[in-house]
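Coordinate inspection notes
Spelled out from the first residue to the last, the chains are:
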Amino acid sequence: MLQITKHKSIAIDEISITAIRSQGAGGQNVNKVSTAIHLRFDINASSLSPIYKERLLNLSDRRITKDGIIIIKAQQHRTQEQNKDEALKRLQLLIQSVTITPTKRKPTKPSRSAQTRRVDDKTKRGAIKALRGNITE
């Protein structure tokens, strides 16, 4: 089970994990050992709640295809097991990012004392300007 939140987890059989050969330069294991991991997760066929599915499908993430399949390729580490853990962790973080509901912004307004202070300052400034205007004329 891949734990997403305290109450929600995904069964591992919903995730397709395939070992592939890593790209790039390497040592003795080049072109011989499949150490990279190719992870595929079908959002529409998963057991996630419809809200999370909708949020995932609306994400503008290059790892999510138009068909609603998350594709993650992990090849940072030298061993297949470490790359598998890395791919599962990336999937977990991606799904966790849509579980957080943003709090609605409450527009604030200035307090009554701040409003009176502002008006008082304006009247004082207006009085000063009025006095200066009378002296120069």
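None of these values were measured; they are calculated from a predicted model.

Calculation rules
- Residues numbered from 1 in each chain as written.
- Predicted model: local features only at pLDDT ≥ 70, side-chain atom pairs only at ≥ 80, totals over all residues.
- Heavy atoms only, no water.
- Helix = DSSP H or I, 4+ residues; strand = E, 2+ residues; numbered from the N terminus.
- Buried < 20%, exposed > 50% of the residue type's maximum accessible area, 1.4 Å probe, protein only.
- Contact = heavy atoms within 4.5 Å.
- Areas by Shrake-Rupley, 256 points an atom, 1.4 Å probe, with all protein chains shown as cover.
- Salt bridge = Lys/Arg side-chain N within 4 Å of Asp/Glu carboxyl O.
- Pairing = 2+ DSSP bridges.
- Axes fitted to C-alpha atoms, helices over the stretch in contact; angles between N-to-C directions.

With that settled, consider the overall build of the protein. What the protein contains, in helices and strands, is three helices and five strands. Each helix and strand of the protein, ordered N terminal to C terminal, gives the series β-β-β-β-α-β-α-α. If you line up the protein on its principal axes, its C-alpha atoms span 95 × 40 × 30 Å. Within the protein, the proportion of its 137 residues that are buried is 21%. A separation of at least 24 residues holds for 56% of the contacts in the protein among residues at least 6 apart in sequence. Carbon and sulfur atoms form 51% of the exposed surface of the protein, whose accessible area is close to 10500 Å².

Looking at where His-38 falls in the secondary structure, it is placed in strand E4 (residues 36-42). Once the C-alpha coordinates of His-38 and Thr-79 are considered, the two residues, 41 residues apart in sequence, prove to be 14 Å apart. Setting aside chain neighbours within four positions, we find His-38 in contact with Ser-16, Ile-17, Thr-18, Ile-20, Ile-71 and Ile-72.

Let us now look at the pattern of salt bridges. Under the counting rule described, the total for this entry stands at two salt bridges. When the shortest N-O distance is used, the salt bridge between Arg-63 and Asp-61 registers 2.8 Å. Residue classification places Arg-63 among the partly exposed residues on the basis of a relative accessible area of 23%. The shortest N-O distance in the salt bridge between Arg-90 and Glu-86 comes to 3.4 Å.

Here the focus is the environment of Arg-40. Counting through the fold element by element, Arg-40 comes out in strand E4. Spatially, the C-alpha atom of Arg-40 lies 15 Å from that of Lys-53, the residues being 13 residues apart in sequence. Other than its neighbours up to four places away in sequence, Arg-40 contacts Glu-14, Ile-15, Ser-16, Ile-69, Ile-70 and Ile-71.

Our focus in this paragraph is the sheet that holds strand E5 (residues 69-74). Judged by pairing direction, the sheet is antiparallel, and its three strands sit side by side in the order E3-E4-E5 without closing on themselves. Both outer strands of the open sheet, strand E3 (15-20) and E5, are each paired with one neighbouring strand and no more. Sheet twist, expressed as the average angle between the axes of neighbouring strands with direction ignored, equals 15 degrees.

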